[in-house]
Amino acid sequence: MRYRLFLFSLSLVTIIICSCGSDDEEAPNESKPILNFLGDSIIEYWSSLDSAFPDYECLNHGWSGKGIETFLGRTDVGSLAGTECVVEIGTNDLRKVIGKSNLDSYVKRYIDVLKSLKAKRIYLFSLLPRNRAKDGDYPYNAYYVAFNHAIEEQTQTEMTNVVYVPIFDAFLKDGEINWEYTYDGLHPNARGYEVMALELRKYLVKEQVTAQ
């Protein structure tokens with residue numbers, strides 16, 4: 001009888017020890033940090049976000065055909081406060097921006113909208129060059145250079161939470177968009193999105209290293 005009680009006690013102690021050990025070995029269930037992608041069709045059509053940024057939960061809020069005034073219509077601005085956002089916007093607006101005075105007022109409004117996101121950090125893509133048949137002789141790329149320069153300068157002056165990601169030159173060839181990276185002279189193809197992902201990852205890594 002005593003032998004049976006001894007075996008029962010030994011078994012009970014073993015079960016308790018094993019149970020405690022298994023609890024210690026369980027890894028915490030940590031969720032991935034969120035990246036909110038905001039912009040026009042260039043963002044909306046970016047279907048490879050999850051594979052391009054596997055360490056993040058990527059939420060695509062892109063909206064085709066939209067400009068700075070309406071591109072937030074697919075998400076509640078309040079939900080972006082304190083989050084990390086990737087923004088690409090402006091190509092649908094620039095035909096309206098003719099001359100320095102218009103550019104200055106547009107840049108001011110652009111900055112105001114970025115501030116309204118109240119994001120922890122904004123990774124802001126420069127505009128990509130373009131070359132579409134229907135563009136005709138309109139000097140889009142010249143305006144894009146001026147706009148990109150103004151936005152980079154103003155965000156550095158007025159905002160501390162913007163990381164500017166210059167990709168215009170990466171897509172440029174002979175004064176227009178590189179046709180290896182686009183299928184229609186405006187939207188990136190698969191290789192173009194690989195370039196965008198590569199450039200963005202450089203800045204994401206840089207920010208993570210700086211924060212440590």
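Now for a quick tour of the structure. (Residues numbered from 1 in each chain as written. Predicted model: local features only at pLDDT ≥ 70, side-chain atom pairs only at ≥ 80, totals over all residues. Heavy atoms only, no water.)

1. Details of the pattern of salt bridges
Here's step 1: Using the criterion set out here, one finds 9 salt bridges in the structure.
Here's step 2: We note a salt bridge from E44 to R74, for which the minimum N-O separation is 3.4 Å. Placement of the pair is E44 in helix α2 (residues 41-44) and R74 in the loop between β2 (57-60) and β3 (84-88), with a sequence separation of 30 residues.
Here's step 3: Among the ionic pairs, D135 bridges to R130, the shortest N-O distance being 2.8 Å.
Here's step 4: Residue R130 is classed as buried on the basis of its relative accessible area of 7%. (Salt bridge = Lys/Arg side-chain N within 4 Å of Asp/Glu carboxyl O. Helix = DSSP H or I, 4+ residues; strand = E, 2+ residues; numbered from the N terminus. Buried < 20%, exposed > 50% of the residue type's maximum accessible area, 1.4 Å probe, protein only.)

2. Some thoughts on the sheet that holds strand β4 (residues 121-125)
Here's step 1: A sheet is described by the order of its strands in space; here 5 strands give the open sequence β2-β1-β3-β4-β5, paired in parallel fashion. Since the sheet does not close on itself, it has two edges, and those belong to β2 and β5 (162-165), each with one partner. Geometrically, the sheet is characterised by an average inter-axis angle of 20 degrees between neighbouring strands, direction not taken into account.
Here's step 2: As judged from the 4 bridges shared by β3 and β4, these two strands associate in the parallel manner. What sits directly across from C85, in β4, is I122.
Here's step 3: Its contacts with the sheet put helix α5 (residues 140-158) on β4 and β5, and the angle it makes with β5 is roughly 155 degrees. (Pairing = 2+ DSSP bridges. Axes fitted to C-alpha atoms, helices over the stretch in contact; angles between N-to-C directions. Contact = heavy atoms within 4.5 Å.)

3. Side note on helix α4 (residues 100-116)
Here's step 1: The terminal C-alpha atoms of α4 lie 24 Å apart, and with 17 residues this matches the ideal 24 Å at 1.5 Å per residue to within 8%.
Here's step 2: Every buried residue of α4 is accounted for by L103, Y106, V107, Y110, I111, V113 and L114. Looking straight down α4, one finds that the buried residues subtend no more than 160 degrees of arc, so they occupy a single side. Seen from the buried face of α4, the exposed residues on the opposite side, beyond 90 degrees, are S101 and K108.
Here's step 3: Contacts made by the buried residues of α4 are with β3, β4 and α5.
Here's step 4: Looking one or two residues beyond α4, the residue adopting positive phi is K118, at roughly 55 degrees. (Expected span 1.5 Å × (residues − 1). Arc of directions from axis to C-beta.)

4. As for the nonpolar core
Here's step 1: In this structure, V87, Y110, I122, L124 and F147 are the most contacted members of the largest nonpolar core, which totals 32 residues.
Here's step 2: Broken down by secondary-structure element, the contributors of at least two residues to this core are β3, α4, β4, α5 and β5.
Here's step 3: Broken down by element, the residue count for this core peaks at 7 residues, all from α4.
Here's step 4: Ranked by size, the runner-up nonpolar core spans 27 residues in total, among them A52, F53, V86 and A197. (Core = buried A, V, L, I, M, F, W, Y, C linked by side-chain atoms within 4.5 Å.)

5. What to know about the side chain of H187
Here's step 1: Following the sequence through the fold, H187 ends up in the loop between β7 (176-177) and α7 (190-211).
Here's step 2: Reaching out from H187, the side chain makes a polar contact with the side chain of D184 at a distance of 2.7 Å.
Here's step 3: Excluding anything up to four places from it in sequence, H187 contacts S41, I42, Y45, Y181 and T182. (Polar contact = N/O pair within 3.5 Å; in protein donor to acceptor, adjacent residues only side chain to side chain.)

6. Things to note about the environment of R95
Here's step 1: Tracing the sequence through the fold places R95 in the loop between β3 and α4.
Here's step 2: Each C-alpha atom of the pair R95 and Y140 lies 7.4 Å from the other, and the pair is 45 residues apart in sequence.
Here's step 3: When near neighbours in sequence (up to four residues on either side) are disregarded, R95 contacts D135, Y138 and Y140.

7. A few points about the packing of aromatic side chains
Aromatic ring pairs are defined here through the distance separating the ring centres and the angle between the ring planes.
Here's step 1: Tallied over the entire structure, the rule returns 12 aromatic pairs.
Here's step 2: Between the aromatic rings of F171 and Y181, the centroid separation amounts to 5.5 Å while the plane-to-plane angle is 70 degrees, which identifies the pairing as edge-to-face. Of the two residues, F171 sits in helix α6 (residues 168-171) while Y181 sits in the loop between β7 and α7, which places them 10 residues apart along the sequence. Each member of the pair, F171 as well as Y181, carries the same accessibility label: buried.
Here's step 3: The rings of F37, W46, F53, F125 and Y193 are connected pair by pair, giving a single aromatic cluster. (Phe/Tyr/Trp six-rings, centres within 6.5 Å; stacked < 30°, edge-to-face > 60°.)

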